[in-house]
Amino acid sequence: MLYTAIPWEFLPQELGFGSGMTCWRRLRDWQLICDGNGIPLALSLTGGNRNDITQLMPLLQAIPPVRGKVGRPRRRPQVLYADRSYDHDKYRRLVWKANVKPRIARRGTPHGTGLGTHRWVVEQTIALPHWFRRLRTRWEIRDDIHQAFMTLAATTICWRRLKRSLC
């Protein structure tokens, strides 16, 4: 479904789901900020007319703890890189309060601050869901189903990145 964008009713019976409706119901019942390597850490679904800045703190709080290190797991990144659209003193203060150092480009300053190299990773990660035909054009009416497809895409992206780094 994610790669081909075929309708639910055309899912092959050989997959063992029973029907396309059964598969849709299972997807419905499951309920994107990234790291420096382009691995999605958290994602949210909003309307196209919403400002990105409104999702900054919910996404920062949605990042799961980093496991595998000795001691208390870290819940937040050390630094947050963002472009000029996030240049608001209110949000800088909120990010500082979350114990994260904000590296946000200032409006009215010339390019060349070096933040572009970090922002390129984010922009590339945002473009990755276009690998999946189902996400290029939003066919789903229900938000929870589209969110589930976004989660599956993020999981696939993480798997591919981690598999490549382990080899």
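Residues numbered from 1 in each chain as written. Predicted model: local features only at pLDDT ≥ 70, side-chain atom pairs only at ≥ 80, totals over all residues. Heavy atoms only, no water.

**Structural notes on the overall build of the chain**
Working step 1: When helices and strands are tallied, the chain shows six helices and four strands.
Working step 2: In the chain, the succession of helices and strands from N to C terminus is α-β-β-α-β-α-β-α-α-α.
Working step 3: Taken across its 167 residues, the chain has 35% of its residues classed as buried.
Working step 4: A total of about 11300 Å² of accessible surface is found on the chain, and carbon and sulfur atoms cover 56% of it. (Helix = DSSP H or I, 4+ residues; strand = E, 2+ residues; numbered from the N terminus. Buried < 20%, exposed > 50% of the residue type's maximum accessible area, 1.4 Å probe, protein only. Areas by Shrake-Rupley, 256 points an atom, 1.4 Å probe, with all protein chains shown as cover.)

**Some points on the pairing of strand S4 (residues 101-104)**
Working step 1: Residues of S4 alternate between two faces, with Pro102 and Ile104 buried on one and Lys101 and Arg103 left unburied on the opposite face.
Working step 2: Strand direction decides the pairing type here: strand S3 (residues 79-82) and S4, joined by four bridges, are parallel. Residue pairing across strands places Val79 opposite Lys101, the latter belonging to S4.
Working step 3: Assessed by its sense of winding, the connection that carries the chain from S3 through helix H3 (residues 89-97) to S4 is right-handed. (Pairing = 2+ DSSP bridges. Right-handed = clockwise from strand over helix to strand, strands pointing away.)

**A look at helix H6 (residues 143-166)**
One turn of an α-helix holds 3.6 residues; hence residues three or four places apart share an orientation.
Working step 1: The terminal C-alpha atoms of H6 lie 34 Å apart, and with 24 residues this matches the ideal 34 Å at 1.5 Å per residue to within 8%.
Working step 2: Turning to H6, its buried residues number three or more, namely Asp144, Ile145, His146, Gln147, Ala148, Phe149, Met150, Ala153, Ala154, Ile157, Cys158 and Arg161. (Expected span 1.5 Å × (residues − 1).)

**A closer look at the side chain of Arg92**
Working step 1: Of note, Arg92 is situated in helix H3.
Working step 2: Classification of Arg92 as buried rests on a relative accessible area of 9%.
Working step 3: A distance of 2.8 Å separates the side chain of Arg92 from the side chain of Asp87, its partner in a polar contact.
Working step 4: Within the local environment of Arg92, its side chain forms a polar contact with the backbone oxygen of Ile104, the two atoms lying 3.1 Å apart.
Working step 5: If we ignore the near neighbours within four places in the chain, the residues touching Arg92 are Asp87, Pro102, Ile104, Ala105 and Arg106. (Polar contact = N/O pair within 3.5 Å; in protein donor to acceptor, adjacent residues only side chain to side chain. Contact = heavy atoms within 4.5 Å.)

**Here's the deal with the environment of Arg103**
Working step 1: With respect to the secondary-structure elements, Arg103 resides in strand S4.
Working step 2: Under the relative-accessibility criterion, Arg103 is labelled partly exposed at 34%.

**Points about H3**
Working step 1: The complete set of buried residues in H3 reads Tyr91, Arg92 and Val95. Projected onto a plane normal to the axis of H3, the buried residues spread over an arc of 105° and lie on a single side. When the buried face of H3 is taken as reference, the exposed residues oriented beyond 90 degrees from it are Arg93 and Lys97.
Working step 2: Looking at the buried residues of H3, the elements they touch are helix H2 (56-62), S3 and S4.
Working step 3: In the stretch just after H3, Asn99 is the one whose phi turns positive, near 60°. (Arc of directions from axis to C-beta.)

**Comments concerning the pattern of salt bridges**
Working step 1: With the rule as written, the count across this model stands at three salt bridges.
Working step 2: Among the ionic pairs, Asp144 bridges to Arg142, the shortest N-O distance being 2.5 Å.
Working step 3: Classification of Asp144 as buried rests on a relative accessible area of 18%.
Working step 4: Residues participating in the shared-partner salt-bridge network are Asp87, Arg92 and Arg106. (Salt bridge = Lys/Arg side-chain N within 4 Å of Asp/Glu carboxyl O.)

**Considering the nonpolar core**
Working step 1: One finds Ile33, Leu56, Leu60 and Val95 to be the most contacted residues of the largest nonpolar core, which totals 16 residues.
Working step 2: At the level of elements, H2, S3 and H3 are the ones that each hand at least two residues to this core.
Working step 3: No other element matches H2, which puts four residues into this core.
Working step 4: The residues contacting Leu56, other than those within four sequence positions of it, are Leu80, Tyr86, Tyr91 and Val95. (Core = buried A, V, L, I, M, F, W, Y, C linked by side-chain atoms within 4.5 Å.)

**Examining the environment of Arg142**
Working step 1: Note that Arg142 resides in the loop between helix H5 (133-136) and H6.
Working step 2: Reaching out from Arg142, the side chain makes a polar contact with the side chain of Asp144 at a distance of 2.5 Å.

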